[in-house]
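# Structure assessment
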Amino acid sequence: MTRTRILAAPLALALAAGLPMAAFASPDRDQRRSEEQRAITAAAVDAAGAIAAVRAAGYGIIREVDWARGAWAVKATDSAGQRVALRVDAQSGAVTPRQR
């Protein structure tokens, strides 16, 4: 029985130490999501426009479209059927290979 108390005490201490961090992490995450949503809404090129730009640039099957760091991140295939990662500028629609 004392062993259980000894093991429970460090766990309780770790949880208590982590609670203030959890309280501070949530507003930051919510703020980042709000800012990201505003950036997506303000973008001149939406997700459909990003897909159209990738297709117009000669790429094939679009596997994924995601918003990342102020631009559209698109996973597609090139003319040889190889998987490629692309970046589509949210303002101009310019398609460039993405650095991994």
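This report concerns the structure included in the present document. These numbers come from a predicted model, not from an experiment.

Across the chain, the bulk of peptide bonds are trans and the bulk of non-glycine residues have phi less than zero. Residue Arg69 is not a glycine yet carries a positive backbone phi of 55 degrees. Examined against the element boundaries, Arg69 turns out to sit in the loop between strand S1 (62–68) and strand S2 (71–77). Of the residues examined, Arg69 reaches a relative accessible area of 85% and is grouped as exposed.

With that out of the way, let us pick up helix H2 (residues 47–56). Listing the buried residues of H2 in full gives Ala50, Ala53 and Val54. Across the axial projection of H2, the buried residues extend over an arc of 100 degrees, all falling on one side. Exposed and facing more than 90 degrees away from the buried side of H2 are Ala48 and Ala56. For H2, the secondary structure elements touched by its buried residues are S1, S2, strand S3 (83–89) and strand S4 (95–97). One or two steps after H2, the chain reaches Gly58, where phi turns positive at roughly 95 degrees.

Here we come to the nonpolar core. Core analysis: the largest hydrophobic core is formed by 14 residues, its most contacted members being Val54, Trp72, Val74, Ala76, Leu86 and Val88. Contributing elements (two or more residues each) for this core: H2, S1, S2 and S3. When near neighbours in sequence (up to four residues on either side) are disregarded, Trp72 contacts Ile40, Val45, Asp46, Ala47, Ala50, Val65, Asp66, Trp67, Leu86, Arg87, Val88 and Ala90.

Here Ala68 shows up in strand S1. Ala68 gets classed as partly exposed once you look at its relative accessible area, which sits at 34%. Ala68 sits 32 residues away from Glu36 along the chain, and the two C-alpha atoms are 9.0 Å apart.

A few words on the layout of surface pockets. Counted as a void, the largest pocket has a volume near 150 Å³. Lining the largest pocket we find Glu64, Asp66, Ala68, Arg69, Ala71, Trp72, Ala73, Lys75, Arg87 and Arg98. Considering every element that reaches the lining of the largest pocket, the biggest residue donor is S2, with 4 residues. Each residue belonging to the lining of the largest pocket can be placed in one class, and the counts come to 4 nonpolar, no polar and 6 charged.

Reading the values: the criteria
- Residues numbered from 1 in each chain as written.
- Predicted model: local features only at pLDDT ≥ 70, side-chain atom pairs only at ≥ 80, totals over all residues.
- Heavy atoms only, no water.
- Helix = DSSP H or I, 4+ residues; strand = E, 2+ residues; numbered from the N terminus.
- Buried < 20%, exposed > 50% of the residue type's maximum accessible area, 1.4 Å probe, protein only.
- Arc of directions from axis to C-beta.
- Contact = heavy atoms within 4.5 Å.
- Core = buried A, V, L, I, M, F, W, Y, C linked by side-chain atoms within 4.5 Å.
- 1 Å grid on protein atoms, 1.4 Å probe; cavity = no way out; pocket = protein on both sides within 12 Å on 5 of 7 lines; lining within 4 Å.
- Points joined across faces, edges and corners; volume = space filled by probe spheres on them.
- Nonpolar A, V, L, I, M, F, W, Y, C, P; charged D, E, K, R; others polar.

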